[in-house]
Amino acid sequence: MKSALVARLRQGHRTLDYPAGKVELPSRFRGMPALDASRCPEGCGVCTRACPTGAIGQPLRIDLGKCLFCPACAGACPEQAISFGRDHRLAVRERADLSVGAGDGPRLARALDLEATRLFGRSLKLRQVSAGGCGACEAELVALGNVVFDLGRFGVQFVASPRHADGLVVTGPVSQNMRSALLETFDAIPAPRIVIAVGACALSGGPFAGSAVCEGGVPPEIPVDLFVPGCPPHPLTVLDGLLRLLGRI
Amino acid sequence: MTPARASVARPRPSIPATENPKVVRLGSLPLGDVEGLRRDVIDRCKEGARLVALFVPPRATELVAVVARDDCADIAIQRAALAGPSYPALSSELPAAQAFEREILEVHGVRPEGHPWLKPLRRHDAHPFFQVDGPGIHEVAVGPVHAGIIEPGHFRFQCAGEKVLHLEIQLGYQHRGVERLMLSSSPARRIAIAEAIAGDTTIGHAIAHAAAVEALGAGELPLHAQAVRAVALELERLANHVGDLGALCNDVGYLPGASWLGRLRGEMLNALLVLSGNRFGRGLIRVGGVRFDLDSGQKRELAARLAEVERDLDAIVELVLDTPSVASRFEGTGVVSREIAEALGLVGPVARASGCDRDVRRDHPAGLYRFAQVPVAVTESGDVMARALVRALEIKRSLEFVHDQLREQPEGPARSRQLALEPTPARPDRLVVSLVEGWRGEIAHVAMTDADGAIAAYQIVDPSLHNWLGLAMALRDGEISDFPLCNKSFNLSYAGHDL
Ligand code: SF4
């Protein structure tokens, strides 16, 4: 018992001062990309060819919905036209907002409408479905519940039944074998409900785009309210998106 | 934690032979007949070898078996021509072949005659569940969608009261067609796919893939890049083992341990973030090298972070394993005997907890493990406690290993060190076997090239493929309420199994 108390004392208080405090992620962390198309030599396209998922178009543009933040493009570019900054705020409300061009900054997620923020703003229960996810996005969602991120202090909680939920969090490229379970879970959540798609796979199929046995992300029957890019997204990227959606930032 | 509870593993021979990755010319592997392959593989396994992989390449004209002898660093490869739509199953005498042969039927329609349980591995058709009949027998069905944030799978229990007579595990929900994608994808896409085979094993699978492709091109990786890879692989092991101990605490209601270890797991992921810019190490391993260096600043930061974690970790792990309420739930729960572990060909900490002395890092060392050893942790009791103890020991040893590497890597400007080799095209008509001891156990990637040097077959074996049946056996005659705890003590990958 004594050693348990000593261990507890040593732990101290570990919860991040977020969103009030400033977060500093390590220098190699890859967040919001910065593109400088003026450096692109005529007809170059090296980055487009280097990209594993076809996320880069010309003139220089990155679809963050497809991007794995790997960063093959930044390494391949002979002119340093692509760099990844440390801004973790990447979640958006519209799929089109994930397309980043030269000079674009983050397009922060808008809050839900007033009625929805009144309903969910202080208590949001979510059901998670992994539909072909590799386990990394899922692990980061679990990490949101640990003492560092402590999602519960914002009134957000993952629940065991869709009947108890206000919304759905989808990960994975949506394998054929999970398609019906995903749709049934969505249908079982009472309206009004929100849907959050987390990770490159759920947004576009990610590295599995084009697979004959996957949907290539959340199917059109399920309308998405928040798109969280990354492979996997940092827990703070998810948290930032959630809190903005609820009008808490 | 009392070290006396763990026995000493077999020492490694002083000069390890290096046959991993093993590349052979297809021409040097004559196509035998299936009966000969079958006998030979079964006999070898009776004499102490293990089945690493058994598969049919895409054109479905041959059967390929990979068998490893761990005590003499030997990897044997055999090919046999398939004469018709069926062949005599190996599984009837070699249970470790069961999943491989179910896959062969499912993917190629080639029937392993005499297989005791030809249920599709990943496809969901009308194949019935095994059922027990009798008075008072009832059935419990769980999944595919579970309570909590976890991948999908279906568990079907046949129970007499609380007692589990039989557990059938039906997977395949996460099937993404990984092996087919590997054939049709560009090299850049392949490594990205390898990183996402099983999310928590990003580094392990990426190294297995990269090493296979490098060996096909006859490249020798720069030593410094090998060191960065080994550090990343051990950090991945640390994150997962620490997380698993925390999850075990959670399942027996020891919440202080769960929350402290949950945080320390995050610190390990943050160490990978410092090294690679991603908490799972995505983007670090590339074919031909690594994308990021350990420069002196990075090394200092990592060493300081790990030292702090280590201090907390030692105290907490000891506290957890010595807490009577935890020990009484861990001890004697979910026992897998050594015989069962051997018969099913279990791998990784789960096998080592049942007394199987095997670890790719020692037995088939590749990369930096040829020069730097991590002692192997083995215990005998085969219960949840044993699986926790093996993890606790491996945490200690991986931390020591990483510290050594951080100390031993020469200081100097990052640019002066070689991080990658020039790409060389894959040699034609070759077969390569690449083994990595991931945190969950042996990862095997087997690839074949055609006459043009293009990859014509790609077979992936995640340790989970071997180990899921071990979980079913751990539950046999146990209490159904012990399922979550047993499941955590295995912590297998659904995605890695389903591919
Ligand atoms: S960082 Fe994104 S855009 Fe750049 S190569 Fe990788 S996946 Fe493509």
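Parameters at a glance
- Residues numbered from 1 in each chain as written.
- Chains lettered and ligands numbered in written order.
- Predicted model: local features only at pLDDT ≥ 70, side-chain atom pairs only at ≥ 80, totals over all residues.
- Heavy atoms only, no water.
- Buried < 20%, exposed > 50% of the residue type's maximum accessible area, 1.4 Å probe, protein only.
- Helix = DSSP H or I, 4+ residues; strand = E, 2+ residues; numbered from the N terminus.
- Pairing = 2+ DSSP bridges.
- Domains from an automatic or database assignment.
- Buried area = accessible area lost by both parts, 1.4 Å probe.
- Near = heavy atom within 4 Å.
- Nonpolar A, V, L, I, M, F, W, Y, C, P; charged D, E, K, R; others polar.

1. Things to note about the pairing of strand 15 (residues 430–438) of chain B
Within a regular strand, the side chains alternate between the two sheet faces.
Residue and element names in this part refer to chain B.
Right, so step 1: The element strand 15 is largely enclosed, with a buried count of nine among its nine residues.
Right, so step 2: Neither face of strand 15 is left uncovered, since the one carrying Arg-430, Val-432, Ser-434, Val-436 and Gly-438 and the one carrying Leu-431, Val-433, Leu-435 and Glu-437 both have all their residues buried.
Right, so step 3: Pairing analysis gives four bridges linking strand 2 (residues 22–25) to strand 15, with the strands arranged antiparallel. Across the sheet, Val-23 pairs through a bridge with Val-432, a residue of strand 15.
Right, so step 4: Looking at chain direction, strand 15 and strand 16 (residues 441–449) are connected through eight bridges and run antiparallel. Of the residues in strand 16, the one forming a bridge with Val-436 is Ile-443.
Right, so step 5: Counted between consecutive antiparallel strands, the loop separating strand 15 from strand 16 contains two residues.

2. What about the pairing of strand 4 (residues 50–55) of chain B?
Residue and element names in this part refer to chain B.
Right, so step 1: Taking burial as the measure, the six residues of strand 4 include six buried ones, the bulk of the element.
Right, so step 2: Two elements, strand 4 and strand 5 (residues 62–69), share five bridges in a ladder whose sense is antiparallel. Residue Leu-51 lies in a different strand from strand 5, and its bridge partner there is Val-67.

3. What to know about the sheet that holds strand 2 (residues 56–57) of chain A
Residue and element names in this part refer to chain A.
Right, so step 1: Taken in spatial order, the three strands of this open sheet run 2-3-5, and their pairing is antiparallel. This sheet does not close on itself; its edge strands, each paired only once, are strand 2 and strand 5 (99–101).
Right, so step 2: Judged from the two bridges that link them, strand 2 and strand 3 (residues 61–63) form a sheet pairing that is antiparallel. Counterpart to Ile-56 in the pairing with strand 3 is Ile-62.

4. Considerations on the domain arrangement of chain B
Residue and element names in this part refer to chain B.
Right, so step 1: Taken domain by domain, chain B holds domain 1 (17–113) and domain 2 (200–456).
Right, so step 2: Domain 1 and domain 2 are separated by 27 Å when their C-alpha centres are compared.
Right, so step 3: Here domain 1 packs against domain 2, burying approximately 2200 Å² in sum over the two surfaces, 66% of which is carbon and sulfur.
Right, so step 4: Three residues stand out in domain 1 for area buried against domain 2, namely Asn-20, Leu-26 and Arg-50, and they jointly supply 27% of the buried area on that side.

5. Points about the site of the ligand
Right, so step 1: Taken together, 14 residues sit near the ligand, with A:Cys51, A:Cys67, A:Leu68, A:Cys70 and A:Cys73 positioned nearest.
Right, so step 2: Of the residues in the shell around the ligand, the class split is 13 nonpolar, one polar and no charged.

6. Re unusual backbone geometry
Right, so step 1: The omega torsion of the bond from A:Cys231 to A:Pro232 falls at -15°, within 30 degrees of zero and hence cis.
Right, so step 2: Within the secondary structure, A:Pro232 is located in the loop between strand 10 (226–228) and helix 8 (235–245).
Right, so step 3: The linkage connecting B:Gly143 with the following residue, B:Pro144, adopts the cis geometry, with an omega of 15°.
Right, so step 4: Mapped onto the elements, B:Pro144 comes out in the loop between strand 9 (137–142) and strand 10 (154–160).
Right, so step 5: Residues other than glycine seldom take positive phi values, yet A:Gln80 does so here, at roughly 50°.
Right, so step 6: Its location among the elements puts A:Gln80 in the loop between helix 3 (72–76) and strand 4 (82–84).
Right, so step 7: The backbone phi angle of B:Ala73 is positive, close to 50°, even though this residue is not glycine.
Right, so step 8: Mapping B:Ala73 onto the fold places it in the loop between strand 5 and strand 6 (74–81).

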